[in-house]
Amino acid sequence: MKDDIYKVGIFEDYNFRFLITDCTNTYIETMKRNSLEHSSANLVGKSMLASFFLAFMVKEGIAVNLQLEGDGEIERVIAYSDRIGRMKGHTKHRQILAGVEDVTLGIGKGFFRVTRWGGSHKIHQSVTKLDKIPFEQNLINYINESDQLVSFVSLYVDHENEISAKGIILQSLPFTEQKVIDKLMDGISNIDLGTKELFATDISYTLDVLEKALDSKATILEEGKPEFYCGCSMQKIKSAIVSIGRDEAYSILEEQGEIEMICEFCSEKYVLDAEEVRLLFI
Ligand SMILES: [Zn+2]
């Protein structure tokens, strides 16, 4: 299995920047840790890629949390990424198989919520509608509403055959002239951003296809390796217990003799015995 990779670059002739990634291993790790299958797995994969793209659009040191809430069977999907592709994701219902006619992959209609975090500090939150349209279109709608930058997105997530999670976002830089945007749209219309073939091999191949279609050279500015990253810790679990309050914590102790918490993102189990819990409240 190839290593995960991302490349950030620019098509100078068009004043467009891009982020392209193959984060298949990160995706596999997420699926395994959370026992994800079927449409649930697919939607979590796409949401992780989307949160990576959204983090790419903001400045360094900010992590992005994407939350989908819909009236479909999956109900809720949450994904996080920072600008260098440290990602995680999970869903309320982990093994939903949406029908083929369900273009939303089982999440349905509802809210598309994006929160930016600087450390543990919430910086900004915005919400748009989650429509009964494919995931990629919902993402584009969100970007159009929030940033007014012209963007093209292609995501390729396969959760059962040749498991893969790859994608690209192309985005205009500020002050790009409309005629240049039109020219790029023209070039891009010659390739099908929605097909598996675009991501058939590694991402260098995908970039080759784009370079040919646009008749322009991609300049790579940054390269890195995405990874599964949770960030949970015993310290954070202890803070969570303190925040539920002494009475609640003691009543759990009474019932269970200890407090056990399982991280919903990475399935790491944290157990505190009665003495450890008491120490939190003195
Ligand atoms: Zn965790």
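Engineer: Can you tell me about helix α2 (residues 38-56), naming the residues and giving the values?
Structural biologist: Given a rise of 1.5 Å per residue, 19 residues ought to cover 27 Å, and the 28 Å separating the end C-alpha atoms of α2 matches this to within 8%. Most of α2 is tucked away: 18 of the 19 residues are buried.

Engineer: Describe in detail the pattern of salt bridges, supporting the description with residues and values.
Structural biologist: Close approach of charged atoms lets side chains of opposite charge pair. One pass over the structure, following the stated rule, counts 10 salt bridges. We note a salt bridge from Glu260 to Lys269, for which the minimum N-O separation is 3.9 Å.

Engineer: Please set out the coordination of the zinc ion residue by residue, giving values where relevant.
Structural biologist: The protein atoms that coordinate the zinc ion are Cys230 (SG), Cys232 (SG), Cys263 (SG) and Cys266 (SG), at distances spanning 2.2 to 2.3 Å. Relative to the metal, the four donor atoms surrounding the zinc ion lie at angles of 101 to 116°, and the coordination shape comes out tetrahedral. In primary sequence terms, the donor set of the zinc ion follows C-x1-C-x30-C-x2-C. Of this pair, Cys232 sits in the loop between β11 (227-228) and α6 (234-244) while Cys266 sits in the loop between β12 (258-262) and β13 (269-273), placing them 34 residues apart in sequence. In this structure Cys232 comes out as partly exposed when scored by relative accessible area, which is 23%. Judged by relative accessible area, Cys266 falls into the buried class, the value being 6%.

Engineer: Can you break down the nonpolar core residue by residue, with the values?
Structural biologist: Core analysis: the biggest nonpolar cluster contains 43 residues, and Leu19, Leu54, Leu68, Phe112, Leu139 and Ile169 have the highest contact counts within it. Ile181, Ile191, Phe199 and Ile203 belong to the second-largest nonpolar core, a separate cluster that totals 22 residues.

Engineer: Any chance you could break down the sheet that holds strand β2 (residues 16-22) for me, citing the residues and the numbers?
Structural biologist: Taken in spatial order, the five strands make up an open sheet running β8-β9-β2-β1-β10, and their pairing is antiparallel. The open sheet has two free edges, formed respectively by β8 (151-158) and β10 (218-224), since each of these has just one partner strand. Put simply, the sheet's adjacent strands are angled 15° from each other on average, direction ignored. Bridging between β2 and strand β9 (residues 164-172) involves seven bridges; their strand directions are antiparallel. Looking at β9, one finds that Phe16 is bridged to Ser172. Those strands touched by helix α5 (residues 203-214) are β1 (5-11), β2, β9 and β10, and its axis lies near 15° from that of β1.

Engineer: Would you mind going over the packing of helix α4 (residues 178-188) against α5 in detail, with residue names and values included?
Structural biologist: Helix packing geometry: the angle between the two helix axes and the distance between the axes. Following both chains from N to C, one finds α4 and α5 inclined at 120°, their axes separated by 8 Å at the closest point. The pairing of α4 with α5 is recorded here as oblique in orientation. For the element pair α4 and α5, the recorded crossing hand is right-handed. Side by side, α4 and α5 meet where Leu184, Gly187 and Ile188 of the first sit next to Leu210, Ala213 and Leu214 of the second. Each residue belonging to the contact of α4 with α5 can be placed in one class, and the counts come to five nonpolar, one polar and no charged.

Thresholds applied
Residues numbered from 1 in each chain as written. Predicted model: local features only at pLDDT ≥ 70, side-chain atom pairs only at ≥ 80, totals over all residues. Heavy atoms only, no water. Helix = DSSP H or I, 4+ residues; strand = E, 2+ residues; numbered from the N terminus. Expected span 1.5 Å × (residues − 1). Buried < 20%, exposed > 50% of the residue type's maximum accessible area, 1.4 Å probe, protein only. Salt bridge = Lys/Arg side-chain N within 4 Å of Asp/Glu carboxyl O. Donors = N, O, S within 2.8 Å, 3.2 Å for Na, K, Ca; no water. Tetrahedral: all angles 85-135°; square planar, octahedral: opposite > 155°, others 65-115°. Core = buried A, V, L, I, M, F, W, Y, C linked by side-chain atoms within 4.5 Å. Pairing = 2+ DSSP bridges. Axes fitted to C-alpha atoms, helices over the stretch in contact; angles between N-to-C directions. Contact = heavy atoms within 4.5 Å. Parallel < 35°, antiparallel > 145°, perpendicular 65-115°, else oblique. Left-handed = near helix turned anticlockwise from the far one by under 90°. Nonpolar A, V, L, I, M, F, W, Y, C, P; charged D, E, K, R; others polar.

These figures come from the coordinates and say nothing about function on their own.
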